[in-house]
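Fold and geometry: a report
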Amino acid sequence: MFEHFKERLDRHTPQQIALDYPEAGVLVPVTDRGSDPELILTQRAAHLKTHRGQVAFPGGKRDLTDHSLEHTALREAHEEIGLPPSQVQVVGRLSQVVSRHRILVTPYVGIVPHGVSLTASPDEIDSIFRVPVSFFLEDRRLRTDALGFQGHTLYVPCYEWEGYHIWGLSAVVLVDFLNAVYDAGIDLLEAPE
């Protein structure tokens with residue numbers, strides 16, 4: 001699995017966005033669960049000032065002490081869900097995205113053991129959940145949101161899994177992952193029929 005992901009992400013050319021915004025790193029954790037890996041996602045705490053209650057990949061803003069955005073993603077995943085960096089095999093980077101709060105986000109894909117024990121930090125996270133990658137590959141979206149970015153319209157899927165809604169920036173990162181690793185062919189620039 002590591003080799004397959006690494007090979008696919010090495011061939012992927014992530015989009016770089018030339019904006020002078022504050023930076024953040026997020027981790028796209030994928031379990032090493034054989035033929036049906038799972039993505040690990042979080043629901044942000046309801047008391048937070050921004051993105052409260054939203055589904056997100058673990059991650060956050062770059063600290064001055066972070067030597068790279070990959071380090072930021074691993075540090076934040078450890079703080080938010082108790083995922084030790086030693087349990088993550090980072091296999092590559094995805095395209096940068098910009099949050100509506102003007103944060104430039106760089107996602108990193110990491111393979112983690114299926115049975116890894118995770119604990120949500122109550123200061124930041126209400127819950128941690130897993131979704132089989134196969135669910136997203138079926139593209140059974142709840143709806144499609146039309147979002148404007150730099151003069152373009154993106155048609156971003158919203159998925160529902162066990163009451164959680166995966167949409168917005170998290171869905172954009174998710175689609176980039178699915179297209180890069182699995183050739184999912186989900187086009188964000190064309191409205192679905």
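If you're wondering where the values come from, they're calculated on a predicted model, not measured in any experiment. (Residues numbered from 1 in each chain as written. Predicted model: local features only at pLDDT ≥ 70, side-chain atom pairs only at ≥ 80, totals over all residues. Heavy atoms only, no water.)

With that settled, consider the pairing of strand S9 (residues 143–149). Of the strand pairs in this sheet, S9 and strand S10 (residues 152–161) are connected by 7 bridges, and their pairing is antiparallel. Residue pairing for S10: Gly148 is matched across the bridge by Thr153. Between S9 and S10, which follow one another and run antiparallel, lie 2 residues, and Gln150 among them has a positive phi close to 50 degrees. (Pairing = 2+ DSSP bridges. Helix = DSSP H or I, 4+ residues; strand = E, 2+ residues; numbered from the N terminus.)

Pairing between side chains of opposite charge can happen when the charged atoms of each approach one another. This structure, assessed with the given rule, holds 13 salt bridges. One salt bridge connects Asp10 with Lys6, and the closest N-O pair in it is separated by 3.2 Å. Of this pair, Asp10 and Lys6 both sit in helix H1 (residues 2–11), separated by 4 residues, roughly a single helical turn. According to the relative accessible area criterion, Asp10 is exposed, its value standing at 53%. Arg75 serves as the salt-bridge partner of Asp66, at 2.8 Å between the closest nitrogen and oxygen. The buried category is assigned to Asp66, whose relative accessible area is 5%. (Salt bridge = Lys/Arg side-chain N within 4 Å of Asp/Glu carboxyl O. Buried < 20%, exposed > 50% of the residue type's maximum accessible area, 1.4 Å probe, protein only.)

Our focus in this paragraph is the packing of H1 against helix H4 (residues 168–182). At a minimum axis separation of 8 Å, H1 and H4 run at an interaxial angle of 105 degrees. Classified by the angle between their axes, H1 and H4 sit roughly perpendicular to one another. Along its contact with H1, which presents His4, Phe5, Arg8 and Leu9, the element H4 presents Phe177, Ala180, Val181 and Tyr182. Its residues placed into classes, the contact of H1 with H4 shows 6 nonpolar, 1 polar and 1 charged. (Axes fitted to C-alpha atoms, helices over the stretch in contact; angles between N-to-C directions. Parallel < 35°, antiparallel > 145°, perpendicular 65-115°, else oblique. Contact = heavy atoms within 4.5 Å. Nonpolar A, V, L, I, M, F, W, Y, C, P; charged D, E, K, R; others polar.)

What follows is about unusual backbone geometry. Phi angles above zero are rare outside glycine, and Arg102 is one such case at about 60 degrees. Along the chain, Arg102 turns up in the loop between strand S6 (97–98) and strand S7 (104–112).

Of the voids in this model, the largest pocket is the one considered here, and its volume is about 1400 Å³. With 7 residues, the single largest contributor to the lining of the largest pocket is H4. Of the residues contributing to the lining of the largest pocket, the split by class is 25 nonpolar, 16 polar and 9 charged. (1 Å grid on protein atoms, 1.4 Å probe; cavity = no way out; pocket = protein on both sides within 12 Å on 5 of 7 lines; lining within 4 Å. Points joined across faces, edges and corners; volume = space filled by probe spheres on them.)

A complete count under the given rule lists 8 aromatic pairs for this structure. Each ring, one from Phe129 and one from Tyr164, has its centre 3.8 Å from the other, and the planes form 0 degrees; the classification is stacked. Placement of the pair is Phe129 in strand S8 (residues 125–132) and Tyr164 in strand S11 (residues 164–166), with a sequence separation of 35 residues. Of the two residues examined, Phe129 and Tyr164, each falls in the buried class. Ring centres 5.2 Å apart and planes at 75 degrees place the aromatic pair Phe136 and Tyr159 in the edge-to-face group. Note that Phe136 is positioned in helix H3 (residues 133–137) and Tyr159 in strand S10, a separation of 23 residues in sequence. Grouping residues by exposure puts Phe136 and Tyr159 together as buried. These aromatic residues form a ring-pair network of at least three members: Phe135, Phe136, Tyr159 and Trp161. (Phe/Tyr/Trp six-rings, centres within 6.5 Å; stacked < 30°, edge-to-face > 60°.)

None of this, on its own, says anything about what the molecule does.
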